[in-house]
Structure formats: C-alpha cells, structure tokens
There are 2 protein chains.
Amino acid sequence: MGVMIDNQLQRVAPKAIAAAIEALAARFGNRLITSASVREQHAHSTTWLPAQPPDAVVLARETKDIQDVVRICAPLRVPVIAFGTGTSLEGHINAPAGGVCIDLREMNRILDVHVEDLDCVIEPGVTRKALNEHLRDRGVFFPIDPGADASIGGMASTRASGTNAVRYGTMRDNVLALKVVRGDGEIITTGTRAKKSAAGYDLTHLFLGAEGTLGIISELTIKLRGIPDTIAAAACSFETVEGACNAVILAMQTAIPVARIELLNATQVRCCNAYSKLTLPETPLLLLEFHGSAAEVAEQSKNFAAIAKECGGGEFSWTTRPEDRSKLWQARHDAYWSVRALRPGAGVVATDVCVPISRLADCVVETEADLQRLNLTAPIVGHVGDGNFHCSLLCDVNDPEEMARGEEFMHRLVERAQAMDGTCTGEHGIGQGKQKYMVAELGPEAIEAMRAVKKALDPDNIFNPGKIIPPL
Amino acid sequence: MGVMIDNQLQRVAPKAIAAAIEALAARFGNRLITSASVREQHAHSTTWLPAQPPDAVVLARETKDIQDVVRICAPLRVPVIAFGTGTSLEGHINAPAGGVCIDLREMNRILDVHVEDLDCVIEPGVTRKALNEHLRDRGVFFPIDPGADASIGGMASTRASGTNAVRYGTMRDNVLALKVVRGDGEIITTGTRAKKSAAGYDLTHLFLGAEGTLGIISELTIKLRGIPDTIAAAACSFETVEGACNAVILAMQTAIPVARIELLNATQVRCCNAYSKLTLPETPLLLLEFHGSAAEVAEQSKNFAAIAKECGGGEFSWTTRPEDRSKLWQARHDAYWSVRALRPGAGVVATDVCVPISRLADCVVETEADLQRLNLTAPIVGHVGDGNFHCSLLCDVNDPEEMARGEEFMHRLVERAQAMDGTCTGEHGIGQGKQKYMVAELGPEAIEAMRAVKKALDPDNIFNPGKIIPPL
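Residues numbered from 1 in each chain as written. Chains lettered and ligands numbered in written order. Predicted model: local features only at pLDDT ≥ 70, side-chain atom pairs only at ≥ 80, totals over all residues. Heavy atoms only, no water.

S.K.: An account of the relation of the copies chain B and chain A is needed here, citing residue identities and associated values.
M.R.: For the pair chain B and chain A, the relating rotation is 180°, the translation along its axis is 0.0 Å, and the fit reaches an RMSD of 0.0 Å. The superposition of one copy onto the other is thereby described by a two-fold rotation axis. Taken together, the interface assignments show that 100% of the residues at the interface of chain B recur at the interface of chain A, consistent with an identical surface on both copies. (Least-squares fit on C-alpha atoms with pLDDT ≥ 70 in both. Contact = heavy atoms within 4.5 Å.)

In structure tokens:
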C-alpha cells in the first residue's frame, strides 16, 4: 500500500501478552475475545492504512472494567487501545505494537440530563444519534455531527466536529468535564459542571483530541442546546468557488448565525446529480441551514440571499418544511454514496485539511488543478464556514501506480494547506496517517512539548502507542 | 493578614540573583530596574494577599528580550514572572521565591489583522481597549471584556472572561494559537490560523490559564467578531433572585443570543442608587445587552420581555440609543466604585465562583444569608448567563477579627459553590489565593496530573513558581 508506518515501536513481548490475556480471561470470562475475526473488526479502518489488530478485545460494561484492564495490562507493559465505533479515519484504533482493545460500545448509559443547565453526563460509548433520540422529548440536543454515528467518547478523543460546527463549535467547545482512567487505574476528574472555570491547567482540553494516548475516557459531561423552533434549509449555486467562498466570508463577517454552510464543488455536484437523479447546475453549490425562531430564520435567509446575489450566486431557494429541506440537502446527504457509486470497487480515501477562510477558494481551486494534473478523482465537500474541506479520493488500492499518485496528491494537499497557514487536519485527527506532517505544521518545539506531556502522563507508553507523536 | 502562603518554596540564592542581575544589566541597560518602588509596583495586587516583589524588573520590547531573560535566568534557577497590567486578583504576579519580572507592556504591537478571517496576531502587552480602538474602523472587535483594561496576554494566562462571555465565550474560546517562550529560550508554536484543528495535543489550551507557569506567551492569534449593526440595552427588576435566575435559564434554553446578562443583587442595587443617584427598585436587577440587526435585537428583546414577565419581572425597558443604553447600564458600570464609596478606607476583596445555572439562585441566596450571619457587606454582581458571580467583600484590613470573618465567608463561599458542582473560580484564576481549594474541587489525581505536566514542561520550576499547584 505504500504508506509506511514506522513508530519505532517494539511489539509487546509474547510472554507479557500471554500473561495479560490469562489474567483478563479470569476477570472478564467471555467478555475477553481473542478470535481473529473480532480482532480484525477492531482494527478495521475506513482508510488505506493497513489493519493492525490487537491481541485481544475486552467488552467493557462499566468504569471498573476499564480500570481493571489497565491495572492488568500496565504493569506488563501491554498497550491498551480504546475503541468506540471504529469510524475514525487515520488508523487511530490500530495496534501497531499489539495489545488489548477496550471496546466501549456497551458503556452507553446516559447518566444524567440537566435540562436547566443544558448539560448531560454520559458514558463514552453513547453514540450521538442515540443521545439525541434520548433527548428529543426534553427539548434539547447535542449539536456535534461528524457524519458517522460515532461514539461521543471517540468524538472527544479525536476532537471531532462536522457540519454544525460553524454555529455550535467542535468537541473542543462542547465538553465541560471528563473522567479519565490513568495508568495506575485511578481516575482523573478534569472539571465540574460549571460553564466556565479558571481553576488550573485545562486538563479537559488536554485529553480532548489526545486520541486515547494519555488515558481512557470513562465519562463525559457535555453541553446541550435548546432544539430550535424553526429550521430552514437553503441552497444556492455559484459560477465559481471564489464566489461561493466570498459569500461565506461576508456571512461570517456580518455574523449571520448559519447553523450549517456546506460547499460541494462541481465534481461533487456532478456525482450527486448522477447518483440522486438531481438536476442541479454542475457548478459549486452552497447548502445552508438556519436555526432560530420563524422570524429569525426568515431574517437570516433574507440576509444571506442578499449576500449570495452580491457574490454572483444563482437562484436562492429556502424552505422550512421538513420534506423540502430534505430534498434541498439530499445532495449533501448522498455525497459519500455518490462518490462510491462513481467507481464501484475502488477505495475511497477520506482526507481533510483546514485553512483560514480567506484562503479557502485558492486552496480548493489549486487542489482541483492538482487532481486534474494527476488524473485523479476526488470530489470535494467542505464545512466551509470553518475553512475545512474533505477530499474523497477514489483509488484502486491494487494499483501501486495509482496509489502512488494518490499519495502524492494527499501529500501536496497537506503542504498546500500548511503553506496557507492552515492545518493538516481540521477534524479527522492525526492517528498514524498524519504524524509525518506534525513537525512541518507546528515546529519541533511543539512536538517536543507533546512528547514531554505524553511521557509525563503515560511514562510507559501504555495508552494507544504509535499515535499522534511522530517517532524521534 | 492571616492568609498563609506556603508553597514550600525556597527563596532563590542571593548569589544566583546577583549573577542574573549583572547579566541582565549588561544586556538590557536601563531597561533592567531594581528600585524598590518599581519592584513594589510589579507585585501590587488588588487583593488582600501580601505583596511579594521580584528582585528586578525587565522592560521587554520584543520576543528576543523575553528569550534572553529566560536564557540568563533559567540556568541560574532564577524565577521568571510575566507581568501584563497587574490587574489579576489572586496574587498571580507575586514573586514568593524572588526572581525577575518581565514587564510586557511595551510589547504592544498589533502585528496583523485579517478582517476576512476574523482573526488578528498581537503581542501579549496589547490591552483589550487599545486593540478595539485599533480595530474599530475595520468593522470588527475583540469581544472579551473582564472589566479592567487588561493585557490580552494576561487575559490568556488567566483564562479571563467577563460580561460578554455568555455570547462570545471566554479566552478559552477565542485564542487560535500562541507562541510561548520555553525554558531554554526556544519558542513553542501551538497552532495555526485555521479555525479548527485536530492535529495533536491541544497545547493552545494547555497554556491558556496556566498563569505563566509553563512558559511566557510572546504572541497570540485571537478571534475577532463583526461589530453588530445594532446594540440594545435592557433592564428589568425582579422581586427575588430566583425569579431573575429563572428568567436567565429560560433565555438560555430558548437560545436567545443575549450578548450580556448581568445580575445585581439587592445590596448592589442599593449601593448603586446611593452612589449614582439612581432610583432603581432595591430588589435584584437584570441588565442585558443584545447584539444583531435592528430586527434581531427587537425580536430578542421582545422574547426576553415575555420570559421576564413570566418569571415575575417588573417593568422591562430597552433601548438602542447610545446615551440611553449608558444610562440603563450605569449601575453596572459604577458597581465597583459604588462599593468602594459605601465604606471609604476599607479594603475591597474581589472573589468569584461559578456554579451550574440551576443552582445559581440557591448559591446567591445562601451567600447573602451567610453575609448577614457574619455581619459582613459584600454586594454581588453576576455574569449570570454563565452561573458566575462576584462578591466585593468590604473589610477593614487592619481589623484581624473582621478579616477572620471575611476569610470564613470566602472559604464557605467556595465550599458552597463546589458542593453545587461548581468551581472555586470562574474567571479570576488560582494564583496563590485559591490553591487550597484545588484538591477539593478536582481530586488529588487531577492535581497530580497538573504537577506532572508542570514538571515535564518546566522541570526546574523557573516559570512563576508557587502558583496554581498546591504544595505537596
């Protein structure tokens, strides 16, 4: 596959792993699984990174289970890898040194909902859809939507975001406190239910996005929002990516509180027309959503329509009726499947970068030109209010020459974003796939600081080794 | 004064400090100051914590100056303490072990403003008022307003917030990236200008609120907002604190995007009536501000008025005319001076806590009862949308008996907030004054994690020693 994973990691000693498995079997019975198929499932990843299964999987049901796995594994120097739904994209759940995967899907209890305070306390295996179904009758919701029905513990660990982030923020902005199992099995509490605090180092944010490398999240206190009275959807085509991006910039500057604002490039719109039998103009498309009272969404839509017109947008349609909203947004919802259908059998490699919004049009246009030059197909969808966009690269994973071009493309995409003062990943995370870009992005000093923090909190490199921090 | 500061810190060896001062004098000439009065000024603090002046002050003008101070001091184990405007409230700038204060006020350049991206790059000594004056003509502003015209580097270091936080967030939500001088004088870059990133540990948030204990911030990239078209002010009196708090809870649940929502308790309103010659009903008062288009602020005001009425609020007045807005908010602007005037000559000890909003009424009412029991006066002002409130405790600092009651009050205030799942400080920080509450709030494991991080990034305890982390 050509993607090298070299973390200078030693595989855990067979004796140690045998001892761990024996102790885990005694403690967990048939909740300790070592079958090849289950281990493979727990290393499955929707990327082209090769799967590296763990030696065993434990199905955790409560915090005590996590603590006991860690207490058994850590003294033996056996790695421990947290698993939510397996929807991460950069090899986060691979076990390059072997070790034990803790599957947290059964830790899916909603422990407390405080509607007055707009927060709730949950276990890490709760998925965002399950949570929102639970909350619906209470008039509140959890706004982060990364697409996949991911576990919220996993979303916290990768600092996920998605389509709603332009209004509601990312996981970074929506977690009040965590409980984290540390290397001796004890639990670190990072915060309270207070909306803000200036009490010491921000441990909450240290664990958010740490990809399970500093400890295992066993409980989260997260923010909720009131379900808006009215939701309006809107769509507008533009002649050029620049026009669409300029409209977004103006909307941000005038503080129109759009809840979602998604860009589909011309290639993506063509895909969607073909797959979903739509007749959209095959030019860049903005899809929007507005949340608020009826009067507010009407005002927001009107204000955005004026901006779109000023920026060369075509017909602007908006609606609050659920069935019409779905129709307007169908292209976005079907985007992933439309890409798959474009070339059945090919792999789809999802990658993301994020740049200052003033550079977004440049970055997308240059990326499109690069795809053409390399004779590759990768429709583009962007959370454009944040300057974040995704390429869904179609590649025949059995064709080394095409894969080499794919790698060149991704490499250049990251370099382009970084040269524009952006980041190699807005929301997917580093995992294994993007370690090689860390030093270029932040400089060696930042990586040294990360390495020092990792060493301080996980001196034996037990927690998800081989992730985030590039090898020395 | 009765407040013990015991950090088990050894004062720096006289030989080491002499060597540092000699080297600093050679490098900085008359920008190295050792006069008693200047040293005293740099330990001045608006609290009852005793001043502990540094051994010397260096006036830094550029990043290289910070680097050179650190490179001179660190090998000699001489502490380095960053100084912005000296407006912090918990002894943050004291030098309990001696050392060198780096005064950053002259590092006040605005390096870059990116209006399209709604961000700017500044030196740490830029104050929020200076920044907003610079930005006004560009149609953008920096929304964090802690009251004092603090330096933005200092605000970052204490994770400051203030009246606007309910809408725009705190410093935690408004810093994209930092440059931080570390112990060997090299610079850590924590992020890019991208609005979001999932690239590794969140070093930005690690340094935000670290109170200068992990390094010295030498540059900040911060978020800006578009100046709203229309600003409306509003005021409403309530019979009870519960009524006022319930109105706030409903406003949050229905997602009315109030820009400010401040509670003044009856004692504070009485103070303001006396000082500012107002005739407000001497009951709890809510002051609000709405930002948006003319139609939006009208809608927001109307919606809040309905909620206020439902919660037993009295007459609701709102206005968009600047002079009328000032009049409505005069009580809030004069609050601090009105407290001072209540008992000239007494000290005013400002302290803050933050609780989940559902507990706010209970916390304020119990606090008022405690003041009565202890025969103390401490008007209360709250950033009530966040559950954060301040007591301005009037105490004769020369009366040990009254000071003892004051200490008892503050101690019980923190215990009360923590028992309600809140925090010992929403925005003032820990400094020296609140270290003793850290373990009770987060447990020993969190403090151990903080200690490990401090040790990892500042192994020789050079940066602002004796702050945040309680002694072992």
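Alright, that's what it looks like, and here's the rest.
S.K.: Requested: an account of the pattern of salt bridges, with residues and values cited.
M.R.: Taken as a whole and judged by the stated rule, the model has 66 salt bridges over all chains. Ionic pairing is found between Asp-103 of chain B and Arg-105 of chain B, a salt bridge with its closest N-O pair at 2.7 Å. Across the salt bridge formed by Arg-373 of chain B and Glu-408 of chain B, the nearest N and O atoms sit 3.1 Å from each other. With Arg-373 of chain B in helix H13 (residues 360-373) and Glu-408 of chain B in helix H14 (residues 400-419), this residue pair connects regions lying 35 residues apart in the sequence. For Glu-408 of chain B, a relative accessible area of 33% corresponds to the partly exposed category. Salt bridges linked by common partners bring Glu-366, Asp-370, Arg-373, Glu-408, Arg-412 and Arg-416 of chain A together as one network. (Salt bridge = Lys/Arg side-chain N within 4 Å of Asp/Glu carboxyl O. Helix = DSSP H or I, 4+ residues; strand = E, 2+ residues; numbered from the N terminus. Buried < 20%, exposed > 50% of the residue type's maximum accessible area, 1.4 Å probe, protein only.)

S.K.: Which residues make up the domain arrangement of chain A, and what values go with them?
M.R.: How large an interface is tends to be reported as the accessible area lost when its parts come together. Residues and elements named next belong to chain A. Split into domains, chain A comes out as domain 1 (110-226), domain 2 (230-336) and domain 3 (339-432). Listed as interface residues are 19 residues of domain 2 and, on the opposing side, 19 residues of domain 3. Both sides of the domain 2 and domain 3 interface together cover about 1700 Å² of buried area, and 68% of this is carbon and sulfur. Where domain 2 packs against domain 3, one counts zero salt bridges. The tally of links between domain 2 and domain 3 comes to eight residue pairs in polar contact (both at pLDDT 80 or more). (Domains from an automatic or database assignment. Buried area = accessible area lost by both parts, 1.4 Å probe. Polar contact = N/O pair within 3.5 Å; in protein donor to acceptor, adjacent residues only side chain to side chain.)

S.K.: Give a detailed account of the sheet that holds strand E18 (residues 388-395) of chain A, specifying residues and quantitative values.
M.R.: All names here are of chain A. The strand order across the open sheet built from seven strands is E15-E12-E14-E13-E17-E18-E16, with neighbouring strands paired in antiparallel fashion. Whereas interior strands pair on both sides, the edge strands pair on one side only; in this sheet they are strand E15 (313-319) and strand E16 (347-354). Neighbour-to-neighbour, the strand axes of this sheet turn through a mean angle of 20°, independent of strand direction. Looking at chain direction, strand E12 (residues 230-238) and strand E14 (residues 285-292) are connected through eight bridges and run antiparallel. Bridge pairing links Ile-231 to His-291 in E14. (Pairing = 2+ DSSP bridges. Axes fitted to C-alpha atoms, helices over the stretch in contact; angles between N-to-C directions.)

S.K.: How would you summarise the packing of aromatic side chains if you had to cite specific residues and measurements?
M.R.: To describe a pair of aromatic rings, you give the distance between the ring centres and the angle between the ring planes. Residue and element names in this part refer to chain A. Evaluated as defined, the whole model comprises six aromatic pairs over all chains. Taken together, a centroid distance of 5.6 Å and an interplanar angle of 85° make the contact between Phe-141 and Tyr-168 edge-to-face. Note that Phe-141 is positioned in strand E7 (residues 140-141) and Tyr-168 in helix H6 (residues 165-168), a separation of 27 residues in sequence. Assessed through its relative accessible area of 14%, Phe-141 is described here as buried. The residue whose ring lies beneath Arg-27 is Phe-28, and the NZ or CZ to ring-centre distance is 4.2 Å. (Phe/Tyr/Trp six-rings, centres within 6.5 Å; stacked < 30°, edge-to-face > 60°. Lys NZ or Arg CZ within 6 Å of the ring centre and 35° of its normal.)

S.K.: I'd love a proper account of the UniProt feature "domain: FAD-binding PCMH-type" (unreviewed entry) in chain A, names of residues and values included.
M.R.: The positions that UniProt labels "domain: FAD-binding PCMH-type" (unreviewed entry) are, in the present scheme, residues 50-227 of chain A. Span residues 50-227 of chain A is 20% helix and 24% strand, its end C-alpha atoms 41 Å apart. (UniProt positions renumbered as here; feature names shortened; annotations may be inferred.)

S.K.: Residues and numbers for the packing of helix H8 (residues 241-253) of chain B against helix H10 (residues 294-310) of chain B, please.
M.R.: All names here are of chain B. Two numbers describe how H8 lies on H10: the axes approach to 9 Å, and their chain directions differ by 140°. Between H8 and H10, the interaxial angle falls into the category oblique. Our pair here, H8 against H10, has a crossing hand that is right-handed. Mapping the contact onto sequence places Ala-247, Leu-250 and Ala-251 in H8 and Phe-304, Ile-307, Ala-308 and Glu-310 in H10. Taken together, the residues that form the contact of H8 with H10 break down as six nonpolar, no polar and one charged. (Parallel < 35°, antiparallel > 145°, perpendicular 65-115°, else oblique. Left-handed = near helix turned anticlockwise from the far one by under 90°. Nonpolar A, V, L, I, M, F, W, Y, C, P; charged D, E, K, R; others polar.)

S.K.: Please provide a residue-by-residue account of the pairing of E16 of chain A, values included.
M.R.: Residue and element names in this part refer to chain A. Summarising burial for E16: seven of the eight residues are buried, a large majority. One ladder, built from eight bridges, connects E16 with E18; its direction is antiparallel. Paired with Val-353 across the strands is Phe-389, a residue of E18.

S.K.: Please give an account of the state of the cysteines that cites residues and values.
M.R.: According to the stated counting rule, one finds zero disulfides over all chains in the structure shown. Unpaired in terms of disulfides, Cys-271 of chain A finds its nearest cysteine sulfur in Cys-272 of chain A, a separation of 6.4 Å. Its relative accessible area of 3% is what places Cys-271 of chain A among the buried residues. There is no disulfide at Cys-236 of chain B, and the cysteine sulfur nearest it, in Cys-311 of chain B, is 9.4 Å away. (Disulfide = S-S within 2.5 Å.)

S.K.: Could you give an account of the side chain of Glu-211 of chain B, naming the residues involved and the relevant values?
M.R.: Considering the arrangement of structural elements, one finds Glu-211 of chain B in the loop between helix H7 (203-207) and strand E10 (216-223). The side chain of Glu-211 of chain B is buried and forms no salt bridge, while Lys-467 of chain B, the nearest opposite charge, is found at 7.2 Å. Each residue touching Glu-211 of chain B, except ones within four places of it in the same chain, is listed here: Ala-198 of chain A together with His-92, Ser-157, Gly-429, Ile-430, Gly-431, Asn-464, Lys-467 and Ile-468 of chain B. (Lys, Arg positive; Asp, Glu negative; His and termini not counted.)

S.K.: I'd like a description of the sheet that holds strand E17 (residues 380-383) of chain B, backed by residues and values.
M.R.: All names here are of chain B. The antiparallel open sheet is built from seven strands, whose spatial order is E15-E12-E14-E13-E17-E18-E16. Every interior strand has two partners, whereas the edge strands, strand E15 (313-319) and strand E16 (347-354), have only one. The sheet shows a mean angle of 20° between the axes of neighbouring strands, direction not considered. Bridge analysis of strand E12 (residues 230-238) against E15 gives five bridges, and the strand direction is antiparallel. In the strand pairing of E15, Cys-236 is matched with Phe-316.

S.K.: Can you lay out a nonpolar patch on the surface for me, pointing to particular residues and giving the numbers?
M.R.: The grouping of Tyr-275, Tyr-336 and Trp-337 of chain A at the surface amounts to a nonpolar patch, some 320 Å² of accessible area in total. Structurally, the position occupied by Tyr-275 of chain A is in helix H9 (residues 266-276). (Patch = residues over 30% accessible without salt bridge, like charges linked within 9 Å, V, L, I, M, F, W, Y side chains within 5 Å. Areas by Shrake-Rupley, 256 points an atom, 1.4 Å probe, with all protein chains shown as cover.)

S.K.: Give a description of the confidence of the model for chain A that names residues and reports values.
M.R.: Detailed reading of the predicted coordinates is not advisable wherever pLDDT is low. On average, chain A scores 95 in pLDDT, and the residues at 70 or more come to 98%. Within the model, the stretch residues 1-5 of chain A combines pLDDT values under 50 with 12 contacts to residues more than four positions away or in other chains. (pLDDT = per-residue confidence, 0-100.)

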